[in-house]
Amino acid sequence: MAEFRYETDRLILRDWRAEDWEPFWRHLNTPTVTRYLGGIADEEERRSAQQRLAKYSREDGHTFWVVERKDDGGHLAGEIIGFCGLKRCREKYGPIGDFEAGWRLREDAWGRGYAKEAASASLDLAFSRFDAPHVIALTHAADAPSWALMQRLGMARREDMDFPDGEPWAKGETIIVYRLDREQWERLKHG
């Protein structure tokens, strides 16, 4: 299978390489970044996460891809700033099999619009390349930055789809669901 690569104005979303993991974990396995994600990952958790992302790519043809800042001489140029992409929902009590958008960026990349740019690209890919009927995004109520981004992306809160925590990252919180249907996405894109 050909390597995945997708470019936006400022970012590159691409497949993982072995050399990506050290800088990824160095910059993203911090107390601030992992505050709503279950906390600092130990070596076993990091290895498990890496295996899951590779498995999603193999089985589904998509994953949470590396997000790299384009080399334009600016801040973070050419560096991995996190991940963003698509997987199929596999949360124990969640909407199993639904397309799920997800993201995680390093702290020094926050507040620059990178998360919205990468997540918008992932939604475009979900509908145009992977033929998703809809896409969900998951978080919990305390993670206001994540659900605020979901709203800026045009996603709608779906309380009827919320489900109880069955995942370590939710820390016992109810997992809340946002959703964007294909028709909504087409209206947003062609407004």
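Right above here is the structure, for reference.
To start, this report covers the structure provided alongside it. Every chain begins its residue count from 1, and numbering advances along the sequence as written. Where totals are concerned, whole chains, interfaces and linings use all residues; where local detail is concerned, this predicted model gives features only for residues with pLDDT of at least 70, and gives and counts side-chain atom pairs only at 80 or more. Hydrogens are left out, water is left out, and the side-chain values use all remaining heavy atoms of the structure.

Note on placement: Ala132 falls in the loop between α3 (114–128) and β6 (134–140). Overall, the relative accessible area of 0% leaves Ala132 in the buried class. Note: C-alpha distance between Ala132 and Glu100 (32 residues apart in sequence) is 9.8 Å. If sequence neighbours within four positions are ignored, Ala132 has contacts with Phe99, Ala126, Phe127 and Arg182. Secondary structure is summarised from DSSP: a helix means a run of H or I of at least four residues, a strand means a run of E of at least two, and numbering begins at the N terminus for each. Partly exposed describes any residue whose relative accessible area lies between the buried limit of under 20% and the exposed limit of over 50%, with all areas from a 1.4 Å probe on protein chains only and scaled to the type maximum. Contacts are residue-level and defined by heavy atoms, with any inter-residue pair within 4.5 Å sufficient.

We count a salt bridge whenever a side-chain nitrogen from Lys or Arg sits within 4 Å of a carboxyl oxygen from Asp or Glu. A complete count under the given rule lists 20 salt bridges for this structure. With its nearest N and O atoms 2.9 Å apart, the salt bridge here joins Asp131 to Arg182. Here Arg182 lies in helix α5 (residues 182–190) and Asp131 lies in the loop between α3 and β6, a separation of 51 residues in the sequence. Overall, the relative accessible area of 58% leaves Asp131 in the exposed class. Arg182 sits in the buried class, given a relative accessible area of 18%. Among the salt bridges present, the one from Arg179 reaches Asp181, with a minimum N-O distance of 2.8 Å. A cluster of three or more residues bridged by salt bridges with shared partners is formed by Arg5, Glu7 and Lys70.

What follows covers the packing of aromatic side chains. Stacked, edge-to-face and tilted labels apply to pairs of Phe, Tyr and Trp rings (six-membered ring for Trp) whose centres lie within 6.5 Å, assigned for plane angles under 30 degrees, over 60, and everything in between, in that order. Enumeration over the complete set of coordinates arrives at 9 aromatic pairs. Taken together, a centroid distance of 4.0 Å and an interplanar angle of 10° make the contact between Phe4 and Trp65 stacked. With a gap of 61 residues between them, Phe4 in the segment before β1 (5–7) and Trp65 in strand β3 (residues 64–69) connect regions that are remote in the sequence. For Trp65, a relative accessible area of 1% translates into the label buried. Ring centres of Trp21 and Phe24 lie 5.8 Å apart, and the angle between their planes is 85°; on these two criteria the pair is classed as edge-to-face. Highlighted residues: Trp21 and Phe24, both in helix α1 (residues 21–28), separated by 3 residues, approximately one helical turn. Each member of the pair, Trp21 together with Phe24, is buried.

To continue, consider the sheet that holds strand β5 (residues 99–105). The pairing criterion is simple: DSSP has to find at least two bridges between the two strands. Spatial ordering of the open sheet is given by β1-β2-β3-β4-β5-β6-β8-β7, a layout of 8 strands whose pairing is mixed. At either end of the open sheet lies a strand with only one pairing partner, and these are β1 and β7 (156–157). Here 2 bridges tie β7 to strand β8 (residues 175–181), and the two strands are oriented antiparallel to one another. Paired with Ala156 across the bridge in β8 is Arg179. The sheet strands contacting α3 are β1, β2 (11–14), β3, β4 (80–88), β5, β6 and β8, and the helix crosses β4 at an angle near 30°. Every axis corresponds to a line fitted to the C-alpha atoms, with the helix fit spanning only the stretch in contact, and the corresponding angles, defined between N-to-C directions, vary from 0 to 180 degrees. Strands in contact with helix α4 (residues 144–152) are β5, β6 and β8; relative to β6, the strand with the most contacts, it is inclined by about 155°.

By themselves, these figures tell us nothing about what the structure is for.
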